[in-house]
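# A structural walkthrough
Spelled out from the first residue to the last, the chains are:
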Amino acid sequence: MSGRSAVGRQGPGSGVGHGEHDEQIADRGSHAHEGGHGGHGDHAGMFRDRFWLALVLSVPVIVYADMIQMWFGYSAPQFPGSDLLQPVLGTVIFVYGGWPFLTGAVAEARDRLPGMMLLIGMAISVAFGASMTASLGLFAVEVWWELSLLIVIMLLGHWLEMRAVGQARGALEALAELLPDEAERITEDGEVEQVRVTDLAVGDVVLVRPGGRVPADGTITQGAADLDESMITGESKPVARSGGDRVIAASVAADSSIRVRVDAVGDDTALAGIQRLVAQAQESKSRTQVLADRAAALLFYVAVAAAAVTVAVWALLGQPDAAVTRSVTVLIIACPHALGLAIPLVVSISTSKSARSGILVTDRLALERMRGVDAVLFDKTGTLTKGQHAVAGVAATDGDEGTLLALAGAVEADSEHPLARAIVAAARQRGVKLPSATDFRAMTGRGVQARVDGATVAVGGPALLRERGLQIPAQLREAVEAWEQRGAAVLHTIREDKIIGSLALADQVREESRAAVDALQRLGVTVAMITGDSRQVAEAVAADLGIDEVFAEILPEDKDSAVTDLQQRGHTVAMVGDGVNDAPALARADVGIAIGAGTDVAIESAGIVL
């Protein structure tokens, strides 16, 4: 057996894919692309470098522009060759700074899909052609300074866009960089050896020292520690983990050492899964980007048509020089500064800010539709509730709840049943010391039994009472009936064939669920809940949280029908779930929101992951 624990050095993160609009801008026109997809960081750097050089070169072009000199009433210094300053520097700016847009324009023209790049390429090409012919004395319109500023502004916008898009990837890529390069693996003879993280395999056992990072997803086999999982879950407080608990790669053991059996490495880890989600987010093309491309295509045809009409009209009026001058003006001003930059920039910034807040947008369409949501449908188990039973009520015939919990916990201590673990956990949380139990026996479908302090003690439900012909004592009946009406599971503790108390166990409602429901309702959003549980259980949870509408006893295959029902009533629906059976509903909803701790199927079906 082997394993590793984190040491100080950090490993590099991996790149993710590009959005379609970004690829169109950068991949077709950057030298960074020649070596493969280097990520948004490479493209942002390419646009940054071109921007700064173009900005520096544009300063003398602007200073020596006749129009600028006229506006500000000055005369630029003259020297031999000063008349060539604008053409030479303008040409360098056009070729070097405009290259990404020119190659993108060629690609769009070749694909017969006119869009943003073709518009920009057309504008700067016409401006360059007009300026160069004017410098040669063949034309009257010289716009070197306008050409230079146009390219500088477009480079700046695309640099900012690439940087913003890359922040969502970079924020999560930083998680991968938190993984250690090396680990301490426990060998078969119990020795500790230093190994590379990439050498770990499933089944290895690693030692994670205090302050060290967990190198791979796994399960604690020895020890207990408070782990900082904030980089994965967003939870600011360390989480107590002990034997049998799962731990996530890159989490930090805060106070003591633990041994972890590796369950997942490489692409199977939670971090790798998150990076795949971000890659999907970068590759998804939003409706606003589609709208921008369509508008750009329309504007291209309008600009070309307007230029053609301008040439025709002024030619018919007998002014061919004016025809050329005004048609050039039309083609230059058709460059869509705001349209090409503002929309994708806003969406990209929203995606990156969401990522930093622990919200992964895997489909940008979902982000845009979210603002129109007026109904949120929550899955109950594992979403509004913790998906784990906890003791919700204790009633003892003699009023001694501590003794009741001690006896029930002692009997259940050796059971692996979820309800048994909940009882034992409740006893320990209350500081109750569990006595030793012997002769443990599980009674299938009825409960468990053991000897505690010389007496036979059994814990079970209604079937155990029927088998032994016992009736619930009068002093417990009111509490038991109230629990059953809420849909709680009720277990009774029997000592020497006498009921001494009862316990209510229910799926624990998350405290944050109340805050979420209240916040949504304050915004005027309808909050609904869907579950396969009985209506009795569902209504109890809904009453606790103040849910507006309940869909209960719904079969997994019918969950998406509830979404359709809400949509047919005119609602824009967001579905929140975490299980495999939630996947169809997540896909059917206008916005699917998956809980990050949920199943891969649910996450893949959602547009947003928490």
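Residues numbered from 1 in each chain as written. Predicted model: local features only at pLDDT ≥ 70, side-chain atom pairs only at ≥ 80, totals over all residues. Heavy atoms only, no water.

### Some details on the overall build of the chain
- Scanning the chain for helices and strands turns up 23 helices and 22 strands.
- Looking at the chain alone, contacts between residues at least 24 apart form 65% of all its contacts between residues at least 6 apart.
- In the structure as shown, the chain presents an accessible area of about 28,000 Å², 55% of it carried by carbon and sulfur atoms. (Helix = DSSP H or I, 4+ residues; strand = E, 2+ residues; numbered from the N terminus. Contact = heavy atoms within 4.5 Å. Areas by Shrake-Rupley, 256 points an atom, 1.4 Å probe, with all protein chains shown as cover.)

### Concerning the nonpolar core
- In this structure, Phe-101, Met-122, Ile-124 and Leu-147 are the most contacted members of the largest nonpolar core, which totals 50 residues.
- Every element with two or more residues in this core is listed here: α2 (40–63), α4 (85–97), α5 (99–111), α6 (116–135), α7 (144–177), α10 (287–316) and α11 (320–333).
- Sorting elements by how many residues they give to this core places α6 first, with twelve residues.
- Counting 24 residues, the second-largest nonpolar core is a separate cluster that includes Ala-396, Ala-426, Ala-427 and Leu-505. (Core = buried A, V, L, I, M, F, W, Y, C linked by side-chain atoms within 4.5 Å. Buried < 20%, exposed > 50% of the residue type's maximum accessible area, 1.4 Å probe, protein only.)

### With respect to the pairing of strand β20 (residues 573–577)
- Here β20 lies mainly inside the structure; five of its five residues are buried.
- Of the pairings in the sheet, the one linking strand β11 (residues 375–379) to β20 comprises four bridges and is parallel in character. Looking at β20, one finds that Phe-378 is bridged to Val-576.
- Bridging between β20 and strand β21 (residues 591–594) involves four bridges; their strand directions are parallel. Within β21, the residue paired with Gly-577 across the bridge is Ala-594. (Pairing = 2+ DSSP bridges.)

### Looking at the sheet that holds strand β9 (residues 258–264)
- Pairing is antiparallel across the open sheet formed by six strands, whose spatial order is β2-β1-β3-β9-β4-β7. Each of the sheet's edge strands pairs with one partner strand only, and the pair in question is β2 (192–196) and β7 (246–247).

### Here's the deal with the pattern of salt bridges
- Tallying each qualifying case throughout the model produces 15 salt bridges.
- Among the salt bridges present, the one from Arg-261 reaches Asp-263, with a minimum N-O distance of 3.8 Å.
- Its salt-bridge partner being Arg-510, residue Glu-512 comes within 3.9 Å of it at the nearest N-O pair.
- Through salt bridges with shared partners, a single ionic network connects Arg-185, Glu-193 and Asp-204. (Salt bridge = Lys/Arg side-chain N within 4 Å of Asp/Glu carboxyl O.)

### Quick word on the environment of Val-373
- With respect to the helices and strands, Val-373 occurs in the loop between α13 (364–369) and β11.
- C-alpha separation for the pair Val-373 and Asp-590, spaced 217 residues apart in sequence, amounts to 8.0 Å.
- Discounting chain neighbours no more than four positions away, the residues touching Val-373 are Val-525, Thr-572, Ala-574 and Val-591.

### Details of α11
- Counted at 1.5 Å a residue, the expected span for α11 with its 14 residues is 20 Å, and the 20 Å between its end C-alpha atoms agrees.
- Residues Ala-322, Ala-323, Ser-327, Val-328, Leu-331 and Ile-332 constitute the buried set of α11. (Expected span 1.5 Å × (residues − 1).)

### A look at the confidence of the model for the chain
- Mean pLDDT over the chain: 79, with 80% of residues reaching 70 or higher.
- For the chain, per-element mean pLDDT is lowest for helix α1 (residues 20–27), which scores 41, and highest for α4, which scores 94. (pLDDT = per-residue confidence, 0-100.)

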